[in-house]
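# Fold and geometry: a report
Take a look at the letters that make up each chain.
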Amino acid sequence: MEGKILKCVPNDPIERSPEDILDAEIFENEGEIEIANQGNENQEGGIVIDAGDDEEIENENPTELKATKGAKSKKKVPTKPIKKTDSKKTNQQTTKVPSVKKPPTPKVFVPNPFQKESLEQHNLLRKKHHVDDLMINKELCDIAQKYANKLASTDTFQHSRSNFKGRPMGENLFACYGMEITGKVMSNAWYDEIKDYNFDKPGFKGSTGHFTQVVWKNSKYVGFGFAKSKTGYYYGVANYFPAGNYINEFDKNVFKE
């Protein structure tokens with residue numbers, strides 16, 4: 001049986017409100033960005049300073065000074081003798097500074113193979129249009145996966161109309177039957193709408209809304225998810241933040257190859 005591909009009608013274009021954020025400060029201010037393949041494992045440790053062969057000063061009780069017979073009593077300031085310690089002894093001693101914990105490095109989100117392939121294909125296509133790579137985000141992936149599970153459990157195919165942290169979130173949907181879903185096939189199906197996009201008259205059309213979201217310049221973060229229904233359909237979801245397809249902003253975000 002030959003495979004069948006379905007694409008949901010794209011979300012309606014968005015009219016920008018004063019509260020919308022273009023540069024994704026909503027992530028940066030809260031430190032919630034989790035990007036794949038960046039950062040190191042958490043490390044904790046203290047600082048140990050070796051005394052080496054330096055001189056070590058030992059305090060001793062001051063020597064008592066007595067006035068001699070027939071002489072005026074004269075007070076002397078007691079001195080503290082300085083002793084050099086044996087170098088062998090010193091080498092065995094270290095001065096320990098209390099352990100100082102390094103701040104933990106951000107947890108690294110490692111995408112699954114489907115998410116990784118979807119991200120790579122998206123960024124390959126975006127490069128053709130001279131825009132920056134998308135960065136994958138765990139929260140957006142969790143949202144996409146949850147909605148893909150819902151579509152698969154109900155065998156329905158419609159947009160969630162969801163926001164993300166109180167802001168508009170872009171969403172592309174994909175479904176196929178008789179073939180296994182892959183990140184590359186899904187991304188290319190959306191991008192293929194480029195053939196119907198008029199760069200000389202930039203704007204939104206229902207037949208090109210998936211393509212314009214894929215290459216939208218001001219979208220910075222993305223999440224992917226997919227699920228299979230009991231009837232054999234695969235459902236794929238991509239969520240973008242900040243959202244694309246803003247009215248009157250196509251000429252600033254969708255560029256020719």
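Every chain begins its residue count from 1, and numbering advances along the sequence as written. For this predicted model, a pLDDT threshold of at least 70 governs which residues receive local features, and a threshold of 80 or more governs which side-chain atom pairs are given and counted, while totals over whole chains, interfaces and linings are taken from all residues. As a convention, hydrogens and water are excluded, and side-chain values are obtained from all of the structure's heavy atoms.

One side-chain nitrogen of Lys or Arg within 4 Å of one carboxyl oxygen of Asp or Glu is enough to make a salt bridge. In the structure shown here, the tally under the stated rule is six salt bridges. Note that Lys116 and Glu120 form a salt bridge whose closest N and O atoms lie 2.6 Å from each other. Separated by four residues within a single helix, Lys116 and Glu120 lie in helix H3 (residues 113-127), roughly one turn from each other. The shortest N-O distance in the salt bridge between Lys138 and Asp142 comes to 2.9 Å. Placement of the pair is Lys138 and Asp142 together in helix H4 (residues 138-154), with a separation of four residues, close to one helical turn. Three labels apply to residues, based on accessible area from a 1.4 Å probe with only protein chains included: buried if under 20% of the type maximum, exposed if over 50%, partly exposed otherwise in between. Its relative accessible area of 34% is what places Lys138 among the partly exposed residues. In DSSP terms, a helix is any run of H or I states spanning at least four residues, a strand is any run of E spanning at least two, and both are numbered starting from the N terminus.

One way to see where empty space is left: roll a probe the size of a water molecule over the atoms. Volume-wise, the largest pocket comes out at about 230 Å³. Of all the secondary-structure elements, those providing two or more residues to the lining of the largest pocket are strand E7 (170-177) and helix H6 (209-214). When residues of the lining of the largest pocket are assigned to their parent elements, the largest contribution, three residues, is made by E7. Throughout, the protein atoms alone are placed on a 1 Å grid, and a set of points is a cavity if a 1.4 Å probe fits but cannot get out or a pocket if it is open with protein on both sides within 12 Å along at least five of seven lines; lining residues have an atom within 4 Å of a point. Grid points are joined across faces, edges and corners, and a volume is the space filled by probe spheres set on the points.

Here we take up the packing of H3 against helix H5 (residues 183-191). Helix axes use the C-alpha atoms of the stretch in contact, all axes being lines fitted to C-alpha atoms, and the angles between their N-to-C directions lie in the range 0 to 180 degrees. Look at H3 against H5: their axes get within 7 Å of each other, and the N-to-C directions meet at 35°. As H3 packs across H5, the resulting crossing turns out to be right-handed. Residue-level inspection shows Phe114, Glu117, Ser118, Gln121, His122 and Leu125 of H3 in contact with H5, the latter providing Gly183, Lys184, Met186, Ser187, Asn188, Trp190 and Tyr191. Each residue gets one of three labels, nonpolar for Ala, Val, Leu, Ile, Met, Phe, Trp, Tyr, Cys and Pro, charged for Asp, Glu, Lys and Arg, and polar for the others, Gly among them. Of the residues that constitute the contact of H3 with H5, the class distribution is five nonpolar, six polar and two charged. It is the rotation of the near helix from the far one that decides the hand of a crossing: anticlockwise by less than a right angle makes it left-handed, clockwise makes it right-handed. Note on contacts: a residue pair qualifies if any of its non-hydrogen atoms lie within 4.5 Å across the two residues.

Right, let's talk about the confidence of the model for the protein for a bit. The predicted structure's coordinates, where accompanied by low pLDDT, should not be read in detail. Put simply, the protein has an average pLDDT of 79, and 66% of its residues get 70 or more. For the stretch residues 29-73, pLDDT sits under 50, and the model shows 66 contacts to residues farther than four places along the chain or on other chains. Every residue carries a pLDDT, the predictor's confidence in it, which falls somewhere between 0 and 100.

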